[in-house]
Amino acid sequence: FINTFHITRIYLNNNFIEEYEFHLSKEFNIYLNNNNLEIEKIKNENFKNTRIIDLSHNKIVKIKNDMFSKGYFLVRLILNSNKIEKIERDSFISLK
């Protein structure tokens, strides 16, 4: 997704994505619901320009402290229908 200046939304719903890693240089929304994503396969740099992140219906079991640490523009985070067992203490501290 390099040099994609006009993209504002990316819909990757209902796939078999197991790893997610790309960067866009402007604000955008990403919809990755109903995939096979696990938290270990998601890097926090991926979300630094993201306004809306939909990670619902995946295989996320733990929310780590640094997962959204670069989510400067984040206004909506959707994590429902995962198997979350643990949310680390400062997981959302950077989301003010």
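Reading guide: rules and limits
Residues numbered from 1 in each chain as written. Predicted model: local features only at pLDDT ≥ 70, side-chain atom pairs only at ≥ 80, totals over all residues. Heavy atoms only, no water. Helix = DSSP H or I, 4+ residues; strand = E, 2+ residues; numbered from the N terminus. Buried < 20%, exposed > 50% of the residue type's maximum accessible area, 1.4 Å probe, protein only. Contact = heavy atoms within 4.5 Å. Areas by Shrake-Rupley, 256 points an atom, 1.4 Å probe, with all protein chains shown as cover. Phe/Tyr/Trp six-rings, centres within 6.5 Å; stacked < 30°, edge-to-face > 60°. Salt bridge = Lys/Arg side-chain N within 4 Å of Asp/Glu carboxyl O.

Enquirer: Is there a simple way to explain the overall build of the protein in this structure?
Expert: Counting its secondary structure elements, the protein contains 0 helices and 6 strands. For the protein, the proportion of its 96 residues judged to be buried stands at 39%. Long-range pairs, those at least 24 residues apart, make up 30% of the contacts in the protein between residues at least 6 apart in sequence. As presented, the protein carries roughly 6100 Å² of accessible surface, and 48% of it is formed by carbon and sulfur atoms.

Enquirer: I keep staring at the packing of aromatic side chains and nothing clicks. Help me out?
Expert: Working definition: an aromatic ring pair is given by the centre-to-centre distance plus the angle between the planes. One pass over the structure, following the stated rule, counts 1 aromatic pair. Considering the side-chain rings of Y11 and Y31, the 4.4 Å spacing of their centres and the 5° angle between planes classify their relative orientation as stacked. Of this pair, Y11 sits in strand β1 (residues 9–11) while Y31 is found in strand β2 (residues 28–31), placing the two residues 20 residues apart along the sequence. Accessibility expressed as a relative area gives 53% for Y11, which makes it exposed. We classify Y31 as buried; its relative accessible area is 14%.

Enquirer: I'm lost on the pattern of salt bridges in this one. Help?
Expert: Should the charged atoms of two oppositely charged side chains come close, the side chains can pair. Tallied over the full model, the rule gives 1 salt bridge. K62 is the partner of E88 in a salt bridge, and the nearest nitrogen-oxygen pair spans 3.1 Å. With E88 in the segment after β6 (86–87) and K62 in strand β4 (residues 62–63), this residue pair connects regions lying 26 residues apart in the sequence. Since its relative accessible area comes to 28%, K62 is described here as partly exposed.

Enquirer: It is not clear to me how the environment of R51 should be interpreted in this structure. Could you clarify?
Expert: As for its placement among the helices and strands, R51 is situated in strand β3 (residues 50–54). Here R51 falls in the partly exposed class, since its relative accessible area comes to 33%. Measuring from C-alpha to C-alpha, the distance between R51 and L77 comes to 8.5 Å, with 26 residues separating the pair along the chain. The residues contacting R51, other than those within four sequence positions of it, are E27, F28, N29, F73, L74, V75 and R76.

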